[in-house]
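Analysis of the macromolecular model
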Amino acid sequence: MSTQAYFCYYDCPIGKIRLRASNSGLVALDHVNQQDSTDASWIEDSEHPVIKSAIAELDQYFQSGFSDFKTPLAPVGTDFQCEVWQALTTIPFGETRSYGDIAEQINRPKAVRAVGAANGRNPLSIFVPCHRVIGKNGKLTGYAGGLKVKEILINHEFSLVQ
């Protein structure tokens, strides 16, 4: 038996995104910056409780810098990916960390590239703030929504903490 999947589109300051959820929690936040495809078995439902919660929190995030997300999350990944994603949630609003910092945090200092790969596979950007991870030289590095979106998110947060 498969788990039912729900989705909804959300227009925000970084463009159109798609929220995907199961009854267990938010599964993904997709940046809709290329040709969009939606599995025919998904049900579009902006009133699903998980999606409704995510939208309310994203509204607050973009309006006031709220980042104490309570929407239940249900990402699918390997144990290592989930460990990295959990570490990302500890990066304070308006701050950044390097991939090396995250590798150190999870007690795998030599796994910098693996941390980068796990960061790149984060299905829940913003909720799991992978945009707050930058290169050790302080420069912006890859982001699923594109570097411009990453820059917008970082600048949004920096402007609210200063």
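Quick notes on the overall build of the protein
- The number of helices and strands found in the protein is five helices and six strands.
- Relative to its length of 162 residues, the protein is compact, with a C-alpha radius of gyration of 16 Å against a globular reference of 15 Å.
- Considered along the principal axes of its C-alpha atoms, the protein spans approximately 40 × 40 × 30 Å.
- Contacts in the protein between residues far apart in sequence, at least 24 positions, make up 60% of those at least 6 positions apart.
- Treating the 15 positive side-chain charges of the protein as one cloud and the 17 negative ones as another, the clouds have centres 9 Å apart.

Concerning the sheet that holds strand β1 (residues 6-12)
- The sheet built from four strands is open, its strands ordered β3-β2-β1-β4 with mixed pairing. Each end of this open sheet is capped by a strand with a single partner; those strands are β3 (26-31) and β4 (43-44).
- Across the sheet, helix α1 (residues 49-64) touches β1, β2 (15-21) and β3, and the angle it forms with β1 is around 15°.

Some thoughts on the side chain of His131
- Within the secondary structure, His131 sits in the loop between α4 (112-120) and β6 (133-134).
- Taking the relative accessible area as the measure of exposure, His131 reaches 0% and is therefore buried.

Thoughts on the pattern of salt bridges
- The full count for this structure, using the stated rule, is eight salt bridges.
- Asp30 is the salt-bridge partner of Arg20, the closest N and O atoms lying 2.7 Å from each other. Here Asp30 lies in strand β3 and Arg20 lies in strand β2, a separation of ten residues in the sequence.
- On the basis of relative accessible area, Asp30 is assigned to the buried category, the value being 16%.
- Connected via shared salt-bridge partners are Arg18, Arg20 and Asp30.

Side note on the confidence of the model for the protein
- Mean pLDDT over the protein: 90, with 94% of residues reaching 70 or higher.
- The least confident element of the protein is β4, whose mean pLDDT is 90; the most confident is helix α2 (residues 79-88), at 97.

Each value, and the rule that gives it
Residues numbered from 1 in each chain as written. Predicted model: local features only at pLDDT ≥ 70, side-chain atom pairs only at ≥ 80, totals over all residues. Heavy atoms only, no water. Helix = DSSP H or I, 4+ residues; strand = E, 2+ residues; numbered from the N terminus. Rg over C-alpha atoms; globule rule 2.2 N^0.38 Å. Contact = heavy atoms within 4.5 Å. Lys, Arg positive; Asp, Glu negative; His and termini not counted. Charge placed at Lys NZ, Arg CZ, Asp CG, Glu CD. Pairing = 2+ DSSP bridges. Axes fitted to C-alpha atoms, helices over the stretch in contact; angles between N-to-C directions. Buried < 20%, exposed > 50% of the residue type's maximum accessible area, 1.4 Å probe, protein only. Salt bridge = Lys/Arg side-chain N within 4 Å of Asp/Glu carboxyl O. pLDDT = per-residue confidence, 0-100.

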